[in-house]
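# Commentary on secondary and tertiary structure
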Amino acid sequence: MKQKWKYGCIALVMIAAMLIMTEAGGKKIQDDTLSGIMIVIDSGHGGKDNGAMANEANEDEINLLIAKKVRKALREKGAGVVMTRTGDYDLASESATSRKKEDMRKRVEMINQNRIDLFISIHLNAYPSADVHGVQIFYQKGNTDGELLASYIAEEMVSVSDHVMHNKAGDYYILNETGPTGLLIECGFLSNPQEQKLLQEEDYQLELAQAIVSGIEAYFVALQ
Ligand SMILES: [Zn+2]
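First, a word on scope: everything that follows refers to the structure included in this document. It should be emphasised that the depicted structure is a prediction, and the values quoted were computed from it without experimental measurement.

### Description of the overall build of the protein
Counting its regular elements, the protein contains 7 helices and 8 strands. Across the 224 residues of the protein, 46% fall into the buried class. Nonlocal contacts in the protein, meaning residues at least 24 apart in sequence, comprise 77% of its contacts between residues at least 6 apart. Just so you have it, the protein exposes about 12,300 Å², and 55% of that area is on carbon and sulfur atoms.

### As for the nonpolar core
Counting 44 residues, the largest nonpolar core has Ile 41, Leu 74, Ile 120, Ile 153, Ile 185 and Ile 216 as its most contacted members. Elements represented by at least two residues in this core include exactly β1 (38–43), α2 (59–76), β4 (80–83), β5 (118–125), β6 (136–139), α4 (144–157), β8 (182–189) and α7 (202–223). Of all the elements, α7 adds the most residues to this core, at 9 residues. If we skip the residues at most four places from it in the chain, Ile 216 touches Leu 34, Ile 39, Leu 74, Leu 118, Ile 120, Leu 149 and Ile 153. Counting residues in each nonpolar core, the second largest holds 10 residues, with Val 82, Met 104, Ile 111 and Leu 184 among its members.

### Considering the sheet that holds β4
Taken in spatial order, the 6 strands line up as β4-β1-β5-β8-β6-β7 in an open sheet, and their pairing is mixed. Bordering the open sheet on either side are β4 and β7 (168–169), each of which pairs with just one other strand. The pairing of β6 with β8 spans 4 bridges and is classified as antiparallel. What sits directly across from Phe 138, in β8, is Leu 184. Here helix α3 (residues 99–113) sits on the sheet and contacts β1, β4 and β5; the angle it forms with β1, its principal contact strand, is near 170 degrees. Contacts from α4 reach β5, β6 and β8 within the one sheet, and its direction differs from that of β6 by about 170 degrees.

### Some points on the pairing of β6
Side-chain alternation along β6 places Gln 136 and Phe 138 on one buried face and Ile 137 and Tyr 139 on a second face that is also buried. In terms of strand pairing, β6 meets β7 through 2 bridges, oriented parallel. Paired with Tyr 139 across the two strands is Ala 169, which belongs to β7. Regarding topology, α4 serves as the crossover connection from β6 to the parallel β7, and that connection is right-handed.

### Digging into the coordination of the zinc ion
Each protein donor to the zinc ion is listed here as His 45 (NE2), Glu 59 (OE) and His 123 (ND1); together their distances run 2.1 to 2.2 Å. Judged by relative accessible area, which is 13%, His 45 ranks as buried.

Basis of the calculations
- Residues numbered from 1 in each chain as written.
- Predicted model: local features only at pLDDT ≥ 70, side-chain atom pairs only at ≥ 80, totals over all residues.
- Heavy atoms only, no water.
- Helix = DSSP H or I, 4+ residues; strand = E, 2+ residues; numbered from the N terminus.
- Buried < 20%, exposed > 50% of the residue type's maximum accessible area, 1.4 Å probe, protein only.
- Contact = heavy atoms within 4.5 Å.
- Areas by Shrake-Rupley, 256 points an atom, 1.4 Å probe, with all protein chains shown as cover.
- Core = buried A, V, L, I, M, F, W, Y, C linked by side-chain atoms within 4.5 Å.
- Pairing = 2+ DSSP bridges.
- Axes fitted to C-alpha atoms, helices over the stretch in contact; angles between N-to-C directions.
- Right-handed = clockwise from strand over helix to strand, strands pointing away.
- Donors = N, O, S within 2.8 Å, 3.2 Å for Na, K, Ca; no water.

Interpretation in functional terms is not warranted from these geometric data alone.
Dropping the structure here:
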């Protein structure tokens, strides 16, 4: 009987310690590890351009939901954040002859004209084979800082997705035409039914966003 009491007390002490640690962890979120850092978050597609689609899921909507979670987490760490879009629209003017071209040009302008430390372009993928799934991170060709940032984010993504693909130099307009260090992250494949479901879940979007932000933090620590 005495033994039981003893173990009961030990368990209570452990629970109390865990609660205190959780509380400390909660407070730590409101830190300023990214104070003074400016970041552009580019939420891919928008408006009539839905991007990849599968069943009821549209890429542009999910991109924005993830982007907003990234923005929130970055701001909580003291970073300044500029979003290329905050709603369901593209950046082209009414008179644009090619909406897609003008939309992309304006996103590039926002990245090049703001004094920023880095940018992250958020996308989702689709592929003819439904088996293909996972996270892909693309950096600017020849940009070693971009490659480093990609590796830190990939390290964090491993605990979110069971398939984080090898980082690659990406041949994308948003990477080729921009000056600041940046990444294009394909957060998952809408063409894979299981991943499509996950990508629509708020908890999964939050995990992706937190992995991106933790990777950004690790990158700036490494640069110091
Ligand atoms: Zn896309």
